[in-house]
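Summary of the model geometry
As a plain string of letters, each chain reads:
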Amino acid sequence: MATNMTANTPSVLFFNKMSLQESFRTPDEEETFYLHCRAAYLSVFKSSLMNISSKQQLCRALQQAGRNPSYATLNKYWTPKTSKLNFDDFCEILKCERKIEETDLLRAFKRMDVNGDGYISHTELEKALTTRGEKMTTEEINAIFSLLDINKDGKLNYPEIGHLVIGQNGIMSTPAVSCVIRKIKAVGGIILTASHNPGGPNGDFGIKYNIASGGPAPEAITNQIFEVSKVLQEYHICPELKVDLAQIGKQTFEVDTFKPFTVEIVDSVEAYAEMLRGIFDFAALKQLLSGPSHINVRLDAMHGVVGPYVKKIVCEELGSPANSAVNCVPQDDFGGHHPDPNLTYAADLVNTMKTGDYDLGAAFDGDGDRNMVLGKHGFFVNPSDSVAAIAANITCIPYFQKTGVKGLARSMPTSGALDNVAKALKMQMYETPTGWKFFGNLMDAGKLSLCGEESFGTGSDHIREKDGLWAVLAWLSILAVRKQSVEDIMKDHWQKFGRNFFTRYDYEEVDSDAANKMIKDLEKAMFDPSFIGKKFSSGDKSYEVAVADNFAYTDPVDGSVSKNQGLRIIFSDGSRIIFRLSGTGSAGATIRLYIDSYEKDPQKIYQDPQVRTVKTARRRRHGIGK
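Parameters and conventions
Residues numbered from 1 in each chain as written. Predicted model: local features only at pLDDT ≥ 70, side-chain atom pairs only at ≥ 80, totals over all residues. Heavy atoms only, no water. Phe/Tyr/Trp six-rings, centres within 6.5 Å; stacked < 30°, edge-to-face > 60°. Helix = DSSP H or I, 4+ residues; strand = E, 2+ residues; numbered from the N terminus. Lys NZ or Arg CZ within 6 Å of the ring centre and 35° of its normal. Pairing = 2+ DSSP bridges. Buried < 20%, exposed > 50% of the residue type's maximum accessible area, 1.4 Å probe, protein only. Salt bridge = Lys/Arg side-chain N within 4 Å of Asp/Glu carboxyl O.

One pass over the full model with this rule turns up 15 aromatic pairs. Ring centres of Phe33 and Tyr34 lie 5.3 Å apart, and the angle between their planes is 75°; on these two criteria the pair is classed as edge-to-face. Centre to centre, the rings of Phe438 and Tyr553 are 5.8 Å apart; their planes meet at 90°, and the pair counts as edge-to-face. Taken together, the residues span a long stretch of sequence, with Phe438 in helix H18 (residues 436-444) and Tyr553 in strand E21 (residues 553-554) at a distance of 115 residues. Here the aromatic residues Tyr41, Phe45, Phe87 and Phe90 are joined through ring pairs into a cluster of three or more. In this arrangement the basic side chain of Lys491 is found over the ring face of Tyr606, its NZ or CZ atom lying 5.2 Å from the centre. Note that Arg499 overlies the ring of Trp494, its terminal NZ or CZ placed 3.8 Å from the centroid.

If you want it as structure tokens, here you go:
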């Protein structure tokens, strides 16, 4: 199936049935077979050198390879004398066990569909699962039925197990994608997005896969997809299939793969709004935005995908005037601008806020997952400070009053402002590598409630992506409770927790060899034992080195280790200097320098970050910390 998408228009296709199949023909079928074996094995284990150590692990690995082993099959390969199986054993088993095909699933479905009406009732499912094989409990059957009965009509049909769900007009924000995946319990979703990159026919965009939790696919999944992609020989399209993306509801087609083939168009804005109603006090927010003493807000969607969400939720539902939201019509080229929500690219919003006509301003990126918050007269809230302030005032949000706070987290380059809140309020704190998937892993394990990153991303465990509009509603909730300005709230925060003066510099298109040499020279100097305890000074402030390392992260959930995530120089007061190297292609490398200087002197916390931190020449700055 072919879809014509513009570069900046995020869209999503949801699948309730895995469609990657081992039906390829290559000159070397044996090599192809082993590639598929390895992909299935690595979806369960970290390495093909690891052994299968239980019958349950064997079952999972076989299922990943497209088999559906019975208890008899498992007992055949895992006997009372079996203590382990290795990768070669696994490959030999797959040679003997036939892959489950779609016709097998249809045949099994028809066997349970006793009266032949094309549906399985709860009674029919219960009879099948309590009279064959290992008997299941009523609770287990109810859970299975509830999971598969997506439209809640009390019966299961085969199209419910395999159909596409697409956002109306082919547009969804990334947070809404995560929301809808979780709501309909989809296997996953495919997103075509330019995010904050330039849009249009010649712009940059990518394809992203989110898993059933709603979060970005982990490396085990993306590696498996990559392995399969290397042996693809052909694909099929349906040029005559015309889907009306504007019409809400289901559309049915006859194609060779699925008969019938169902495409469901959904109102993703409403699904997302429904989720937010369960998180925030909409009555209080409506009073704040449209009551007798309402505040004025200015929200700039920057012609990205979040525009319809802002209009629907903030203007139509919460009552803020229509002119509160600008640039809300998504455009292929983002109106000729770069939808990166920072002081440089959102200059129009910054200048408008400086007039003093608005109490809170916000800008969003192309796919709606990142945000920038400004106070009256253009008061800038650094994204590192933003997540820290939300954490310090988290009880202003009803969602967290119900769930409590399981933990806080930030990406390693993000300032230590969140750490100060966690320490003062005795909350669990995690420092992860850059990448939302690390946050998602903690959330799925029930260890994390709120997180953020210095590149203007903030989110919580309501979904598994960062969420720009959620962050702005979080700030509005704080304003509604505190009844203070954004600037006063931040100044009170600094007085209580101290301030992390934070700035970031990007040196782009640097010669790769020279960049690598610089990093190695830095490592050599930093890892010298005499470097610990060394003292430096800048202006009236002195710093003593407490830690010097190359950041490595051991995931507390799955034990996976991520090494070489960036060079850190951590000083005794919590201040830090961080170097990260990325990109070594033909365009050269990018060196990112992060400076995080902690200050608790009440007389100094209101200074300009660029004055307070080390002044460093740079080729390009992203507007953080101006």
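Moving on, there is more to tell.
Time to look at the pairing of strand E20 (residues 541-550). Sheet topology places strand E19 (residues 535-538) next to E20; 4 bridges connect them, and they run antiparallel. The residue of E20 that forms the bridge with Ser537 is Ser542. The turn joining E19 and E20, which pair antiparallel and follow one another in sequence, is formed by 2 residues; a positive phi near 65° is taken by Gly539. Pairing analysis gives 5 bridges linking E20 to strand E23 (residues 567-571), with the strands arranged antiparallel. Looking at the pairing, Ala548 lines up with Ile569 of E23.

Further remarks concern the environment of Ala284. With respect to the element layout, Ala284 can be found in helix H12 (residues 282-290). Residue class for Ala284 comes out partly exposed when judged on its relative accessible area of 30%. For the pair formed by Ala284 and Ala480, sequence separation is 196 residues and the distance between their alpha carbons is 6.8 Å.

What follows deals with the pattern of salt bridges. Under the counting rule described, the total for this entry stands at 27 salt bridges. Among the salt bridges present, the one from Lys466 reaches Glu453, with a minimum N-O distance of 3.5 Å. Here Lys466, found in the loop between strand E17 (457-460) and helix H19 (468-482), pairs with Glu453, found in strand E16 (residues 450-453); they are 13 residues apart in sequence, far enough to count as distant. You'll find Lys466 and Glu453 in the same group, each marked buried. For Asp521, the salt bridge is made with Lys517, and the minimal N-O distance between the two is 3.0 Å. One end of the pair, Asp521, and the other, Lys517, are both in helix H21 (residues 512-526), 4 residues apart, so they sit about a helical turn from each other.

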